[in-house]
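Here are the chains, one letter per residue:
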Amino acid sequence: MTEFAEIWTYLSTDPLLWLTLTLAAYGAGDALFKASGRKPIVNPVLIAVAFLAVLLQITGTSYATYFAGAQFVHFMLGPATVALAIPLYANLNHIKKAALPMIAALFAGSLAAMFSAVGIGAALGLDTDILLALIPKSATAPVALGVSEAIGGSPSLTAVFVITTGITGAIIATPLLNLLGISDWRARGFAVGVASHGIGTARAFQVNETAGAFSGVGMGLNALLTALIAPIIAGWLLG
Amino acid sequence: MIIHLATLLAFQLLGEVTSRGLGLPLPGPVIGMALLFISCVIWPRLAKTIAPTTTVLLAHLSLLFVPAGVGVVGHLDKFGSDGAALGVAIIGSTVVAITVGALTFVGLRKLTGASHD
């Protein structure tokens, strides 16, 4: 009979194990989310990430080994982003009618995200290099990382801020928007997409299809605006 | 299903080539999304054809962020002594951004007399 250690040696370096565990962890997180009556705080991404991180720690597995398996899931982010065009197209009439509110909300939400992050951070005494990495945190990851590098921030630090911002947005959006008394799915979704990119958009799709579509638009437009405006804010910070 | 997936990948590829070729500040998939959207406006049948696949893909969009999220955990020590300040900055600015964005949207909608639907 083969020793367990021997089987583990094989499994722990094989993509199959970590791919399977990624899907299983998310499946468990999603089941908990549904069992909780869809409470936003029971966020499936957060549960899966926490579970897998602990598992990697316990088994002494490196992230590189984990990612060799999980990359197949990660890769699907690209086509999924492209796929956002379909709900966008399905909501074309809604979008045409709301063009002006969308543009205004894009500028207001995007600038509020960047200035409030830098403002709060500076008030709490964070260093300039950390503030630089904070500026693009509401943009979708590939844009945020590129922007961070261009303005002299640390891309790996920005990656942490982007994911944290996304999960924060996904958790607080529903209670916050209910508190504000905003019932328009377009306004709700759009604001969430601008503030918390794809993770916020994923959450918006769980709540309402129209909110999801508008969130996707908000994410795409904010990627563009962040790339244009972050360098200006960085210039002020350094100047 | 396979053809639908190939369509999405083809648009991503087109977006990637456009982004790099023209030196645009947007990532390939975001440009691919814009190109697919324009294509759907020109050929409405395209949207109807691939919708079953995109609906499935987008229903599980959250799952796709898990691998990147796990990577972040290893870097949480970077928060270091700044952890509390960073937490306040990130949570605070996300609250501010969602609030300002949503209120602006609703405010402008009322101002322009657009319908609430």
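Residues numbered from 1 in each chain as written. Chains lettered and ligands numbered in written order. Predicted model: local features only at pLDDT ≥ 70, side-chain atom pairs only at ≥ 80, totals over all residues. Heavy atoms only, no water.

> Describe the pattern of salt bridges, with residues and values.
Within this structure, the stated rule accounts for four salt bridges over all chains. Residue A:Asp30 pairs with A:Lys34 through a salt bridge whose shortest N-O separation is 3.1 Å. Pair noted here: A:Asp30 and A:Lys34 are both in helix α2 (residues 15-35), with a separation of four residues, about one helical turn. Since its relative accessible area comes to 14%, A:Asp30 is described here as buried. Between A:Asp184 and B:Arg109 there is a salt bridge whose closest N-O contact spans 2.6 Å. With A:Asp184 in the loop between α11 (155-179) and α12 (185-207) and B:Arg109 in helix α5 (residues 83-112), the pair connects residues from two separate chains. For A:Asp184, a relative accessible area of 1% gives the class buried. When salt bridges with common partners are traced through the structure, they connect A:Asp184, A:Arg186 and B:Arg109 into a single cluster. (Salt bridge = Lys/Arg side-chain N within 4 Å of Asp/Glu carboxyl O. Helix = DSSP H or I, 4+ residues; strand = E, 2+ residues; numbered from the N terminus. Buried < 20%, exposed > 50% of the residue type's maximum accessible area, 1.4 Å probe, protein only.)

> For helix α2 (residues 28-42) of chain B, give the residues involved together with the corresponding values.
When the terminal C-alpha atoms of α2(B) are compared, their 21 Å separation across 15 residues agrees well with the 21 Å that a helix rising 1.5 Å per residue should span. Turning to α2(B), the residues buried within the fold contact α5 (77-83), α6 (85-90), α7 (92-97) and α13 (209-238) of chain A together with α1 (2-22) and α3 (44-59) of chain B. (Expected span 1.5 Å × (residues − 1). Contact = heavy atoms within 4.5 Å.)

> Got a sec to walk through the nonpolar core? Specific residues and values, please.
Grouped together as the largest cluster of nonpolar side chains are 105 residues, with contacts concentrated most on A:Ile135, A:Phe161, A:Phe190, B:Leu36, B:Val66 and B:Ile98. It is α11(A) that provides the largest number of residues to this core, a total of twelve residues. The residues contacting A:Ile135, other than those within four sequence positions of it, are A:Met114, A:Val118, A:Ile151, A:Ala230, A:Ile233, A:Ala234 and A:Leu237. (Core = buried A, V, L, I, M, F, W, Y, C linked by side-chain atoms within 4.5 Å.)

> Please provide a residue-by-residue account of the domain arrangement of chain A, values included.
All names here are of chain A. Examined at the domain level, chain A breaks down into domain 1 (4-75) and domain 2 (82-238). Centre-to-centre separation of domain 1 and domain 2, based on C-alpha positions: 27 Å. Taken together, the two surfaces of domain 1 and domain 2 that pack against each other cover about 660 Å², and 68% of this comes from carbon and sulfur. Looking only at domain 1, the three residues that lose the most surface to domain 2 are Pro-40, Asn-43 and Leu-46, adding up to 53% of its buried area. In this structure, the connection of domain 1 to domain 2 is made through zero salt bridges. Counting every contact that joins domain 1 to domain 2 gives zero residue pairs in polar contact (both at pLDDT 80 or more). Put simply, the parts of the chain that give the side of domain 1 that touches domain 2 at least two residues each are α2 and α3 (44-59). Here the element with the most residues in the side of domain 1 that touches domain 2 is α3; it accounts for three residues. Among the residues making up the side of domain 1 that touches domain 2, the classes are represented as seven nonpolar, one polar and one charged. (Domains from an automatic or database assignment. Buried area = accessible area lost by both parts, 1.4 Å probe. Polar contact = N/O pair within 3.5 Å; in protein donor to acceptor, adjacent residues only side chain to side chain. Nonpolar A, V, L, I, M, F, W, Y, C, P; charged D, E, K, R; others polar.)

> Mind laying out the interface of chain A and chain B, listing which residues take part and the relevant values?
Each partner contributes residues to the interface: chain A has 91 residues there, and chain B has 70 residues. Counting the surface lost from both chain A and chain B, the interface buries some 7,000 Å², and carbon and sulfur atoms represent 83% of this. Contact with chain B buries surface across chain A, with A:Val82, A:Ile86 and A:Tyr89 losing the most and accounting together for 9% of the total. In this structure, the connection of chain A to chain B is made through one salt bridge. In this assembly, chain A and chain B are joined by three residue pairs in polar contact (both at pLDDT 80 or more). Sorting elements by how many residues they give to the side of chain A that touches chain B places α11(A) first, with 14 residues. Looking at the side of chain A that touches chain B residue by residue, the class counts come to 67 nonpolar, 20 polar and four charged.

> How would you summarise the domain arrangement of chain B if you had to cite specific residues and measurements?
Domain boundaries assigned for chain B yield domain 1 (1-64) and domain 2 (75-117). Computed from C-alpha atoms alone, the centre-to-centre distance between domain 1 of chain B and domain 2 of chain B is 28 Å.

> For the packing of helix α8 (residues 99-123) of chain A against α5(B), give the residues involved together with the corresponding values.
Look at α8(A) against α5(B): their axes get within 7 Å of each other, and the N-to-C directions meet at 155°. Viewed along their axes, α8(A) and α5(B) adopt a mutual orientation that is roughly antiparallel. Taken as a pair, α8(A) and α5(B) cross one another with a handedness that is right-handed. Among the residues making up the contact of α8(A) with α5(B), the classes are represented as 17 nonpolar, eight polar and one charged. (Axes fitted to C-alpha atoms, helices over the stretch in contact; angles between N-to-C directions. Parallel < 35°, antiparallel > 145°, perpendicular 65-115°, else oblique. Left-handed = near helix turned anticlockwise from the far one by under 90°.)

> I'd like a rundown of α3(A), residues and numbers included.
With 16 residues, α3(A) should reach 22 Å at 1.5 Å per residue; the first-to-last C-alpha distance of 22 Å fits that figure. Within α3(A) the residues assigned to the buried category are A:Pro44, A:Val45, A:Ala48, A:Val49, A:Leu52, A:Ala53 and A:Leu56. Buried residues of α3(A) fall within an arc of 150° about the axis and therefore sit on the same side. Opposite the packed face of α3(A), turned more than 90 degrees from it, sit the exposed residues A:Gln57 and A:Ile58. Check the buried side of α3(A) and you find it contacts α2, α4 (63-75), α11 and α12 of chain A together with α4 (66-73) of chain B. By the N-cap criterion, in which a side-chain oxygen at the helix start approaches the backbone nitrogen of a residue two or three places on, α3(A) is capped by A:Asn43, the distance to A:Val45 being 2.9 Å. Within two residues after α3(A), A:Gly60 carries a phi angle of roughly 65°, on the positive side. (Arc of directions from axis to C-beta.)

> Can you break down the packing of aromatic side chains residue by residue, with the values?
All names here are of chain A. Scanning the entire structure with this criterion turns up six aromatic pairs over all chains. An angle of 70° between the planes, with centres 6.0 Å apart, marks the rings of Trp-18 and Tyr-66 as edge-to-face. Pair noted here: Trp-18 is in helix α2 and Tyr-66 is in helix α4, with a separation of 48 residues, a long-range link. The same class applies to Trp-18 and to Tyr-66, which are both buried. Members of the aromatic cluster, joined through ring pairs, are Trp-18, Tyr-63, Tyr-66 and Phe-67. (Phe/Tyr/Trp six-rings, centres within 6.5 Å; stacked < 30°, edge-to-face > 60°.)

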